[in-house]
Amino acid sequence: MGLFKKKNAVFIENAGGVIITKSIYQGTSKLKWFFREESVNPADNGWRAIGDKDTQEYINNTENMIVVDFNTLANIEPAVLSVYDMPVGSDLELCFDNTANLKF
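This structure is a prediction, so every number in the text was calculated from the model and none was measured.

Caption draft 1: Quick peek at the overall build of the protein chain. Tallying secondary structure elements over the protein chain gives three helices and seven strands in all. From first element to last, N terminus to C terminus, the protein chain shows the α and β order β-α-β-β-α-β-α-β-β-β. When each of the 104 residues of the protein chain is scored for burial, the buried share is 34%. For the protein chain, the share of sequence-separated contacts (at least 6 apart) that also reach a separation of at least 24 residues comes to 65%. On the protein chain, roughly 6900 Å² of surface is accessible, and the fraction owed to carbon and sulfur atoms is 53%.

Structure representation (structure tokens):
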């Protein structure tokens, strides 16, 4: 058991890093808010992701944030692929309707 690790798909080559909450990465919350800021370094694409169960107190603790490749987030929530090219200043909320369709 656990000998074979699932390989993540690469959707966008050299997509850069994105800051996400550990709760999204660990699967304890779903991506809810997605916004783009100015990059802090060349490897950063500026995208930030916050989960639906993340409180202000949770996100204020920097230990609850991690940097992952954008493709890692896209493997968790593929909807982010449709907005990758949106400009700095974009501020999105993911919404699920009663038919389980996802939309920004």
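Caption draft 2: Layout of the environment of L94. Examined against the element boundaries, L94 turns out to sit in the loop between β5 (91–93) and β6 (95–96). The spacing of L94 and K32 is 62 residues in sequence and 5.0 Å in space, taken between C-alpha atoms.

Caption draft 3: Representation of the pattern of salt bridges. What the rule picks out here adds up to three salt bridges. Put simply, E93 and K32 hold a salt bridge, and the shortest N to O gap is 3.2 Å. Of this pair, E93 sits in strand β5 while K32 sits in strand β2 (residues 31–36), and the two are 61 residues apart along the sequence. We classify E93 as partly exposed; its relative accessible area is 37%. The partner of R48 in a salt bridge is E37, with the nearest N and O atoms 3.2 Å apart. With a gap of 11 residues between them, R48 in strand β3 (residues 44–51) and E37 in the loop between β2 and β3 connect regions that are remote in the sequence. Residue classification places E37 among the partly exposed positions, given a relative accessible area of 37%. Through salt bridges that share partners, E37, D44 and R48 make up one connected network.

Caption draft 4: Geometry of the sheet that holds β3. Strand order in the open sheet made by the five strands is β4-β1-β3-β2-β5, with mixed pairing throughout. The open sheet is flanked by β4 (65–69) and β5, the only strands paired with a single partner. Strand after strand, the sheet turns through a mean of 25° between neighbouring axes, direction not considered. One ladder, built from three bridges, connects β2 with β5; its direction is antiparallel.

Conventions we followed
- Residues numbered from 1 in each chain as written.
- Predicted model: local features only at pLDDT ≥ 70, side-chain atom pairs only at ≥ 80, totals over all residues.
- Heavy atoms only, no water.
- Helix = DSSP H or I, 4+ residues; strand = E, 2+ residues; numbered from the N terminus.
- Buried < 20%, exposed > 50% of the residue type's maximum accessible area, 1.4 Å probe, protein only.
- Contact = heavy atoms within 4.5 Å.
- Areas by Shrake-Rupley, 256 points an atom, 1.4 Å probe, with all protein chains shown as cover.
- Salt bridge = Lys/Arg side-chain N within 4 Å of Asp/Glu carboxyl O.
- Pairing = 2+ DSSP bridges.
- Axes fitted to C-alpha atoms, helices over the stretch in contact; angles between N-to-C directions.

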